[in-house]
Amino acid sequence: METISSIAKRLNVTNGRIYQIIKEIPADKQPKKDAKGKYNFTKESVEAIERYYNSSSSPKTDIESDLVKQLRVDLEDAKAEIKAKNNQIDKFQQLLDQQQQLNLSTNRQNEKLLDTTTNNNPSQDDNPSQNDDTDVLKSTEGNEVKTSKKGLFGWLRR
């Protein structure tokens, strides 16, 4: 004699699903309940449950396979999009490197130009006054020891 649990195990479903199937099959194929409220399964009722389960599970498989196919297509599209974005990032990185190199060479050229213009045109800062205590240290013997000026624009006086 079959039970709900044995049928559920064989079909690999829950007991609740078997109860649902019993309600959905035709009344003449449904198992009858005894005085205690338990189902008495006949060979016909078990076959009806199995047929209903097999017929209802086939379309789900088709729908699931279609869903899997669509997900795979979407995954491939996402991979292609990520690859394109990575290529864009690589190009932007290359352009950024080029811009940094150009800025560096421009700064070096500007420094060279500033060095040549400051060497050709002496300014008042190149000849500090003798009374400026920040530039000159007075020794006890009367000799002056010059120190290099430090400050914000000291790099211009090289």
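Residue numbers here run from 1 along each chain, matching the order of that chain's written sequence. Given that this is a predicted model, residues contribute local features only at a pLDDT of at least 70 and side-chain atom pairs are listed and counted only at 80 or more, while totals for whole chains, interfaces and linings are drawn from all residues. As a rule here, side-chain values come from all non-hydrogen atoms in the structure, and water together with hydrogens is ignored.

### Some points on unusual backbone geometry
And then number 1: Residues other than glycine seldom take positive phi values, yet Asn12 does so here, at roughly 65 degrees.
And then number 2: Secondary structure elements follow DSSP: runs of H or I no shorter than four residues count as helices, runs of E no shorter than two count as strands, and numbering proceeds from the N terminus. Here Asn12 is to be found in the loop between helix 1 (4-11) and helix 2 (15-24).

### So, the nonpolar core
And then number 1: In these notes, a set of buried Ala, Val, Leu, Ile, Met, Phe, Trp, Tyr and Cys residues joined through side-chain atoms within 4.5 Å is what counts as a nonpolar core. Remark: exposure states derive from per-residue accessible area (1.4 Å probe, protein chains only) relative to the maximum for the residue type, with buried under 20%, exposed over 50%, and partly exposed in between. Counting residues in hydrophobic clusters, the biggest one holds 14 residues, and the most contacted among them are Ile4, Ile7, Leu11, Ile18, Ile22, Phe41 and Ile49.
And then number 2: For this core, the elements supplying multiple residues, two or more each, are helix 1, helix 2 and helix 3 (43-120).
And then number 3: Those residues in contact with Ile49, other than ones at most four positions away along the chain, are Ile7, Leu11, Ile18, Ile21, Ile22, Ile25 and Phe41. Only heavy atoms enter the contact rule, under which two residues are in contact if any of them lie within 4.5 Å.

### Some remarks on a negative patch on the surface
And then number 1: Residues enter a patch when their relative accessible area is above 30% and they make no salt bridge; the linking distance is 9 Å between like charges and 5 Å between nonpolar side chains (Val, Leu, Ile, Met, Phe, Trp, Tyr). Note on areas: Shrake-Rupley with a 1.4 Å probe; residue coverage comes only from the protein chains shown. The term salt bridge refers to a side-chain nitrogen of Lys or Arg lying within 4 Å of a carboxyl oxygen of Asp or Glu. Under the convention used here, Asp and Glu are negative, Lys and Arg are positive, and both His and the chain ends fall outside the count. In this description, the location of a charge corresponds to atom NZ of lysine, CZ of arginine, CG of aspartate or CD of glutamate. A grouping of Asp74, Glu76, Asp77 and Glu81 is seen on the molecular surface, where their side chains present a negatively charged patch.
And then number 2: In this structure Asp77 comes out as partly exposed when scored by relative accessible area, which is 48%.

### Notes on the packing of helix 1 against helix 2
And then number 1: Two elements in contact, helix 1 and helix 2, have axes whose closest approach is 9 Å; the angle formed by their N-to-C orientations is 100 degrees. One element, helix 1, and the other, helix 2, form an angle in the roughly perpendicular class. Note on element contacts: helix 2 touches helix 1 through Asn15, Ile18, Tyr19 and Ile22, opposite Ile4, Ser5, Ile7, Ala8 and Leu11. Between N-to-C directions, angles cover 0 to 180 degrees, with each direction set by a line fitted to C-alpha atoms, over the stretch in contact for helices. For classification purposes, an angle smaller than 35 degrees is called roughly parallel, one larger than 145 roughly antiparallel, one from 65 to 115 roughly perpendicular, and anything else oblique.

### Focus on the packing of aromatic side chains
Given two aromatic rings, one states the distance between the centres and the angle between the planes to describe the pair.
And then number 1: By convention, a stacked pair of Phe, Tyr or Trp rings (six-membered ring in the case of Trp) has centres within 6.5 Å and planes under 30 degrees apart, an edge-to-face pair has planes over 60 apart, and any other such pair is tilted. One pass over the structure, following the stated rule, counts 2 aromatic pairs.
And then number 2: Judged by centre distance (6.1 Å) and plane angle (50 degrees), the ring pair of Tyr19 and Tyr39 falls under tilted. Remark: Tyr39 occurs in strand 2 (residues 39-40) and Tyr19 occurs in helix 2; sequence separation between them is 20 residues.
And then number 3: Judged by relative accessible area, Tyr19 falls into the partly exposed class, the value being 40%.
And then number 4: Its relative accessible area of 16% is what places Tyr39 among the buried residues.
And then number 5: On the numbers, 6.0 Å between centres and 40 degrees between planes, the contact of Tyr39 with Phe41 is tilted.

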